[in-house]
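One-letter residues, chain by chain:
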Amino acid sequence: MFSGSRRGPGLAIFMLATQIFQVGLHNIPPVTLATIAINTIIFLRIPILNIRYPSLGNVCISVVNTWYKGDWKRIALAAFFHADEWHLYYNMASMLFKGMSLEKRLGSAYFVYLLAVFTILTNGVLLGLNYATDEFLGYHEYLSHCAVGFSGVLFALKVVTTYYLPPGIQYIMGIIPIHSRLACWAELFLIQIFVPNASFTGHLAGILVGLLYVKGPLKPIMDIFIPAANSPSYTYKAQATGYRNQYQPRHQPPTGNYGNTRNLNQGEDEDLAEAIRHSQAESHNTC
């Protein structure tokens, strides 16, 4: 169990900071940048306003702790805590691309709304899946399975991102070609193979929430309260979508427990480079 003491930044934090500055702070939309900053501050337990950071055991989400014990704040908190710095790095590197793509299309106000809804719904669906796994399949350990991390939300965002981008072929692990609309399903199973401690139901919950948004009634319901903006400064500009580029992470060390995320999808690295090029082009156009 992790203590509440402050952590020092390691190699993964340095890599994340380097990647952010390579993209350019001025190219990263505000909600995306704030989300990355908040997750990093929480992980490093940087003292702000005398906030006392809880341990992972006090925020991780499970049927026992959340449903049976009534600790419902975990539905919101669990997503913003990470098991180790590589868990944080892979999640926030993924958030960098997805945020740059979606926030510029939907507008900052709607994007923060989307993140809030996806966070609550993904963890809510996670609880339902874990309860159903116990009830119908007899896997009782799923009741106490406790998860943290932003990866469930990122799976939901990936579904939305691939829905808005032109269809294409992505290469999982650089060698397995797959249609971009199916990439999230391939990643779901590959992550479980390579990172057995990852939260399968947490990632699956994210995919289901994403599908509920792009194919189901979630988006029309959300738009009743806050419609997506069409701000010129944050409107997606359709350009040729490349799935080949020169950006590759230099390190891919093992990740930790508690519902880890991944960087198995070469297509996501390539999409990140494409998003960076879009942002840089937009930056030049608005100067």
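Residues numbered from 1 in each chain as written. Predicted model: local features only at pLDDT ≥ 70, side-chain atom pairs only at ≥ 80, totals over all residues. Heavy atoms only, no water.

1. Here we look at the state of the cysteines
The final tally for this structure, using the stated rule, is 1 disulfide. Across the disulfide from C60 sits C146; the S-S distance is 2.0 Å. Disulfide C60-C146: torsion about the S-S bond near 85°, hence right-handed. With C60 in the loop between helix 2 (30-44) and helix 3 (63-68) and C146 in the loop between helix 6 (108-137) and helix 7 (151-164), this pair connects stretches of sequence that are 86 residues apart. C60 gets classed as buried once you look at its relative accessible area, which sits at 4%. Residue C146 is classed as buried on the basis of its relative accessible area, which comes to 17%. (Disulfide = S-S within 2.5 Å. Helix = DSSP H or I, 4+ residues; strand = E, 2+ residues; numbered from the N terminus. Buried < 20%, exposed > 50% of the residue type's maximum accessible area, 1.4 Å probe, protein only.)

2. So, the pattern of salt bridges
Side chains that differ in sign of charge can pair as their charged atoms come close. Under the counting rule described, the total for this entry stands at 4 salt bridges. As a salt-bridge pair, D71 and R74 come within 2.8 Å of each other at their nearest N and O atoms. Each member of the pair, D71 as well as R74, is classed as buried. A salt bridge links D223 to K219; the shortest N-O distance between them is 2.6 Å. Of this pair, D223 and K219 are both found in helix 10 (residues 218-225), 4 residues apart, which corresponds to roughly one turn of the helix. With relative accessibility at 22%, the residue D223 sits in the partly exposed group. When its relative accessible area of 24% is taken as the criterion, K219 is described as partly exposed. Counted as one network, the salt bridges with shared partners bring together D71, K73 and R74. (Salt bridge = Lys/Arg side-chain N within 4 Å of Asp/Glu carboxyl O.)

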